[in-house]
Amino acid sequence: MEIIFILILLLQMFMPYIIALILSAIIIRVIITERIGSKLLKVLIIIVIGLYATIIFGNFSVQTPDDLYIKTKEINDNRNLIGLSQEEVIGLLGKPRYEYTDRKDRIQQYVYSAGKIRKESYWGQSYTHDYYELNVFFDENGKVTRTSIKLANYQKG
């Protein structure tokens, strides 16, 4: 199973190069073929392929999560907080960023910063950050029922 994961990871890393090789082969084939007699048509085909290649390569990006995101995602995925009390959650994660209560002033949800993911264009010329939140939901007894990680509210629309 590990070897499959490694192969998929390598394929993902080298995908732009693989696509470039395929497009180069297509362009060379267009240039040397005698089926297309018009040089103008060959040039137009090469320009269209080049435009498609620009669009494809422009969409490739590398996503790098920070340490906080990795730790928080592991906590969320492993469901480590389920069943803990509010005090135990604060003991593990510290004071929450936000606290939501119901009409009876019972705490219903804690919100923590869950880190960020840096999204960098494949060519490394530009980047953005997506910030995430860990939501911890409590039942009426103050025990954790579920957790979720989502894009931070202040980044939406």
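All of these numbers come straight from a predicted model, not from anything done at the bench.

Definitions and limits used
Residues numbered from 1 in each chain as written. Predicted model: local features only at pLDDT ≥ 70, side-chain atom pairs only at ≥ 80, totals over all residues. Heavy atoms only, no water. Helix = DSSP H or I, 4+ residues; strand = E, 2+ residues; numbered from the N terminus. Rg over C-alpha atoms; globule rule 2.2 N^0.38 Å. Buried < 20%, exposed > 50% of the residue type's maximum accessible area, 1.4 Å probe, protein only. Contact = heavy atoms within 4.5 Å. Areas by Shrake-Rupley, 256 points an atom, 1.4 Å probe, with all protein chains shown as cover. Lys, Arg positive; Asp, Glu negative; His and termini not counted. Charge placed at Lys NZ, Arg CZ, Asp CG, Glu CD. pLDDT = per-residue confidence, 0-100. Pairing = 2+ DSSP bridges. Salt bridge = Lys/Arg side-chain N within 4 Å of Asp/Glu carboxyl O.

Got a sec to walk through the overall build of the chain? Specific residues and values, please.
When its secondary structure is counted, the chain shows four helices and five strands. Order of helices (α) and strands (β) in the chain, N terminus to C terminus: α-α-β-α-α-β-β-β-β. Computed over the C-alpha atoms, the radius of gyration of the chain is 25 Å, more than 25% above the 15 Å expected from 2.2 N^0.38 for a compact globule of 157 residues. The dimensions of the chain, computed from C-alpha atoms along their principal axes, are 80 × 40 × 25 Å. In the chain, which comprises 157 residues, the proportion classed as buried is 25%. Considering only residue pairs separated by 6 or more positions, the chain has 47% of its internal contacts joining residues 24 or more positions apart. Carbon together with sulfur atoms contributes 60% to the accessible area of the chain, which is approximately 11400 Å² in total. Within the chain, the 16 negative side-chain charges are centred at a point lying 10 Å from the centre of the 19 positive side-chain charges.

Describe in detail unusual backbone geometry, supporting the description with residues and values.
One non-glycine residue, R79, lies in positive phi territory at about 55°. Looking at where R79 falls in the secondary structure, it is placed in the loop between helix 3 (67-78) and helix 4 (86-93). Classification of R79 as exposed rests on a relative accessible area of 56%. Even without being a glycine, D105 presents a positive backbone phi close to 60°. Note that D105 resides in the loop between strand 2 (98-101) and strand 3 (107-121).

I'd love a proper account of the environment of I31, names of residues and values included.
With respect to the helices and strands, I31 occurs in helix 1 (residues 2-32). Non-local contacts of I31, meaning those with residues more than four positions away in its chain, are made with K42 and I46.

Go over the confidence of the model for the chain with me, naming the residues and quoting the values.
Mean pLDDT for the chain: 84, with 94% of residues reaching 70 or above. Least confident of the elements in the chain is helix 1, whose mean pLDDT is 80; most confident is strand 5 (residues 144-151), at 94.

An account of the pairing of strand 2 is requested, with residue identities and associated values reported.
Every other side chain in a regular strand lies on the same face of the sheet, so the side chains alternate between the two faces. Relative to strand 3, strand 2 runs antiparallel, the two sharing four bridges. Within strand 3, the position partnered with Y98 by the bridge is V111. Connecting the antiparallel pair strand 2 and strand 3 is a turn made up of five residues, with D105 showing a positive phi of about 60°.

Run through the pattern of salt bridges, naming residues and quoting values.
Applying the stated criterion across every chain, the model contains four salt bridges. The residue R106 makes a salt bridge to D102 at a minimum N-O spacing of 3.1 Å. With a relative accessible area of 35%, R106 lands in the partly exposed category. For D130, the salt bridge is made with K119, and the minimal N-O distance between the two is 2.8 Å. Taken together, the residues span a long stretch of sequence, with D130 in strand 4 (residues 127-138) and K119 in strand 3 at a distance of 11 residues. On the accessibility criterion, D130 (14% relative accessible area) is buried.

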